[in-house]
Amino acid sequence: MAEVVHMIDSEVFLAFSTYATIVILKMMLMSIMTSYYRLTKQVFANIEDTTLAKTTEDRKKLVRSDPDVERVRRCHQNDLENIVPFVVIGLLYSLTGPDLSSALLHFRVFVGSRFIHTVTYVMALPQPSRALSFGVGLCATVSMAYRVLTTSLFL
Amino acid sequence: MAEVVHMIDSEVFLAFSTYATIVILKMMLMSIMTSYYRLTKQVFANIEDTTLAKTTEDRKKLVRSDPDVERVRRCHQNDLENIVPFVVIGLLYSLTGPDLSSALLHFRVFVGSRFIHTVTYVMALPQPSRALSFGVGLCATVSMAYRVLTTSLFL
Amino acid sequence: MAEVVHMIDSEVFLAFSTYATIVILKMMLMSIMTSYYRLTKQVFANIEDTTLAKTTEDRKKLVRSDPDVERVRRCHQNDLENIVPFVVIGLLYSLTGPDLSSALLHFRVFVGSRFIHTVTYVMALPQPSRALSFGVGLCATVSMAYRVLTTSLFL
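Conventions adopted
- Residues numbered from 1 in each chain as written.
- Chains lettered and ligands numbered in written order.
- Predicted model: local features only at pLDDT ≥ 70, side-chain atom pairs only at ≥ 80, totals over all residues.
- Heavy atoms only, no water.
- Salt bridge = Lys/Arg side-chain N within 4 Å of Asp/Glu carboxyl O.
- Helix = DSSP H or I, 4+ residues; strand = E, 2+ residues; numbered from the N terminus.
- Buried < 20%, exposed > 50% of the residue type's maximum accessible area, 1.4 Å probe, protein only.
- Core = buried A, V, L, I, M, F, W, Y, C linked by side-chain atoms within 4.5 Å.
- Contact = heavy atoms within 4.5 Å.
- Polar contact = N/O pair within 3.5 Å; in protein donor to acceptor, adjacent residues only side chain to side chain.
- Nonpolar A, V, L, I, M, F, W, Y, C, P; charged D, E, K, R; others polar.
- Disulfide = S-S within 2.5 Å.
- Buried area = accessible area lost by both parts, 1.4 Å probe.
- Least-squares fit on C-alpha atoms with pLDDT ≥ 70 in both.
- Phe/Tyr/Trp six-rings, centres within 6.5 Å; stacked < 30°, edge-to-face > 60°.
- Lys NZ or Arg CZ within 6 Å of the ring centre and 35° of its normal.
- Axes fitted to C-alpha atoms, helices over the stretch in contact; angles between N-to-C directions.
- Parallel < 35°, antiparallel > 145°, perpendicular 65-115°, else oblique.

Caption draft 1: How the structure looks around the pattern of salt bridges. Residue and element names in this part refer to chain B. Taken as a whole and judged by the stated rule, the model has 24 salt bridges over all chains. Note that Lys41 and Asp68 form a salt bridge whose closest N and O atoms lie 2.8 Å from each other. Here the residue Lys41 occupies a position in helix α2 (residues 11-41), and Asp68 occupies one in helix α4 (residues 67-94), the gap between them amounting to 27 residues. Look at Lys41 and you get partly exposed, because its relative accessible area is 33%.

Caption draft 2: The arrangement of the nonpolar core in detail. By size, the foremost hydrophobic cluster in this structure holds 99 residues, and its most contacted members are Phe107(A), Phe107(B) and Phe107(C). Filtering out sequence-adjacent residues up to four positions away, Phe107(C) remains in contact with Val12(C), Ala15(C), Phe16(C), Tyr19(C), Phe86(C), Tyr93(C), Ser94(C) and Met144(C).

Caption draft 3: Focus on the interface of chain C and chain A. Taken together, the contact between chain C and chain A spans 37 residues of the former and 32 residues of the latter. Among the ionic pairs, Asp49(C) bridges to Arg130(A), the shortest N-O distance being 2.9 Å. Counting every contact that joins chain C to chain A gives 11 residue pairs in polar contact (both at pLDDT 80 or more). Mapped onto the side of chain C that touches chain A, the elements with two or more residues apiece are α1 (2-8), α2 (11-41), α4 (67-94) and α5 (100-122) of chain C. It is α2(C) that provides the largest number of residues to the side of chain C that touches chain A, a total of 17 residues. Grouping the amino acids of the side of chain C that touches chain A by side-chain chemistry returns 24 nonpolar, 8 polar and 5 charged.

Caption draft 4: Focus on the state of the cysteines. Tallied over the entire structure, the rule returns 0 disulfides over all chains. For Cys139(A), which is in no disulfide, the shortest distance to another cysteine sulfur is to Cys75(A) and amounts to 19 Å.

Caption draft 5: Representation of the interface of chain A and chain B in the model. Counting from both sides, the interface comprises 37 residues of chain A and, opposite them, 32 residues of chain B. The junction of chain A with chain B conceals about 2,800 Å² of combined surface from both sides, 74% of it contributed by carbon and sulfur atoms. Scanning the region where chain A abuts chain B turns up 3 salt bridges. Across the contact surface, chain A and chain B share 11 residue pairs in polar contact (both at pLDDT 80 or more). At the level of secondary structure, the elements contributing two or more residues to the side of chain A that touches chain B comprise α1 (2-8), α2 (11-41), α4 (67-94) and α5 (100-122) of chain A. Element by element, the count of residues in the side of chain A that touches chain B is highest for α2(A), at 17 residues. For the side of chain A that touches chain B, the per-class residue count stands at 24 nonpolar, 8 polar and 5 charged.

Caption draft 6: Broad picture of the relation of the copies chain C and chain A. Laying chain C over chain A is done by rotating through 120° and shifting 0.0 Å along the axis; what remains is an RMSD of 0.0 Å. The transformation just described matches what one would write down for a three-fold rotation axis. When the interface residues of chain C are mapped onto chain A, a mere 19% of them again fall at the interface, so the copies present different faces.

Caption draft 7: Summary view of the packing of aromatic side chains. A full pass over the atoms with the stated rule returns 24 aromatic pairs over all chains. When the ring of Phe86(A) is compared with that of Phe107(A), the centres are 6.2 Å apart and the planes differ by 85°; the resulting orientation is edge-to-face. Of this pair, Phe86(A) sits in helix α4 while Phe107(A) is found in helix α5, placing the two residues 21 residues apart along the sequence. Residue Phe107(A) is classed as buried on the basis of its relative accessible area, which comes to 0%. Between Tyr93(B) and Phe107(B), the aromatic rings sit 6.1 Å apart at their centres with planes inclined by 80°, giving edge-to-face as the arrangement. Here Tyr93(B) is found in helix α4, whereas its partner Phe107(B) is found in helix α5 (residues 100-122), with 14 residues between them in sequence. Taken together, the ring pairs connect Phe13(A), Phe16(A), Tyr19(A), Phe86(A), Tyr93(A), Phe107(A) and Phe110(A) into an aromatic cluster. The ring of Tyr121(B) has Arg130(B) lying over it, and the distance from NZ or CZ to the ring centre is 4.2 Å.

Caption draft 8: Region of the structure containing the environment of Ser35(B). Residue and element names in this part refer to chain B. Position of Ser35 among the secondary structure elements: in helix α2. The exposure class assigned to Ser35 is partly exposed, which follows from its relative accessible area of 33%. Through-space distance from the C-alpha of Ser35 to that of Ser133 is 25 Å; in sequence the pair is 98 residues apart.

Caption draft 9: Representation of the packing of α2(A) against α5(A). All names here are of chain A. The geometry of α2 relative to α5 is characterised by a closest axis approach of 9 Å and an angle of 10° between their N-to-C directions. In this view, α2 runs roughly parallel relative to α5, as classed from their interaxial angle. Across the interface between the two elements, Glu11, Val12, Ala15, Phe16, Tyr19, Ile22, Val23, Lys26, Met30, Met33 and Tyr37 of α2 pack against Leu100, Ala103, Leu104, Phe107, Arg108, Phe110, Val111, Arg114, Phe115, Thr118 and Val122 of α5. Tallied by class, residues from the contact of α2 with α5 come to 17 nonpolar, 1 polar and 4 charged.

Right under this line is the structure:
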């Protein structure tokens, strides 16, 4: 019994809690960045958002697509597709009682790779910088999933 | 030890469990709403979904885009981008042992703001109604993240 | 106290852990599949990804849309919209102390339905195969949500 409670109150779980919160806040920043680009470039997805334009004709013109806004949105979508798996598998991994050093390595590599991924994506840096940061994050999650499945497989 | 177990079996955790389930069910309703609009307006994303049309020519015409369907899909996407962070951070926040009253305030404000957000989005109500409901939900999540990071930071 | 700890260390929780990890790994496979289609069909979303083309003119032509890539992306999006609710509600459901047999039924039906959904979507099998697999997964999640709300409602 003490063992299980230890797992939930452990330094591993505190570390997971910290890194998961940081990387989720980073993902939420993408929403703010999308809004910022939409407002500064006057590019909207909904007619009711174009309140600053005067005539109906002008308002309709602001409902359009823009390469920079689309880029930020793709980056946000990639975050959703990768950070959600990290959070779910990281939580289960934390409960399997891994070494603190090995858990910290996984969390730091993943969170670091996602920050680099965002910078490479938004600034359109030359490949393979973005592909590498995506791949490193994926490997960290798969490595944690491997531990979850090998320590607590129950089909 | 008793303290940790208390946290998981606490009224705060039960409240989180209830509000998280309600807001996730609301998000799942968006899938049903998309299907409803697609069927009633005969607007499909895949050729194999157009089974009611007779000729191949007619079927191809039904694979198209529609402003109302796209609006519901954007609302669904915004739910994903905001409800997932709430669920992750809300779970970790519940484990930090907050006051019941302050936890309930966060959960109710967030869930309420998302219901209002959906109504304002789907009915295209004038701004800033949608922006405000989005912002209020974001603040509730950020406020919980602040507590998680201040009570259990472990880098 | 022993009861709560039992819930977290129980076979139900191990089963949830296993099935959640499997279905999340399946979802992550969609990222790989998208990359595979983009590379083999030379269809890219970003100008910096078209490194194999020589001239700027050739590179711009590779930033385009393709029906097969879009199909895989829609399948991935549907996974996000359905697997995230399963994971959240499944975790809360596991903590309500359900029978092992009934929990396994829910997890197996959901995970099975999502594998079938992916096959029907990617291979464009005739409807209602995809609609049925989507519906079966939805019902499994709603059934677990019903138990969460009836056993631990706290508003």
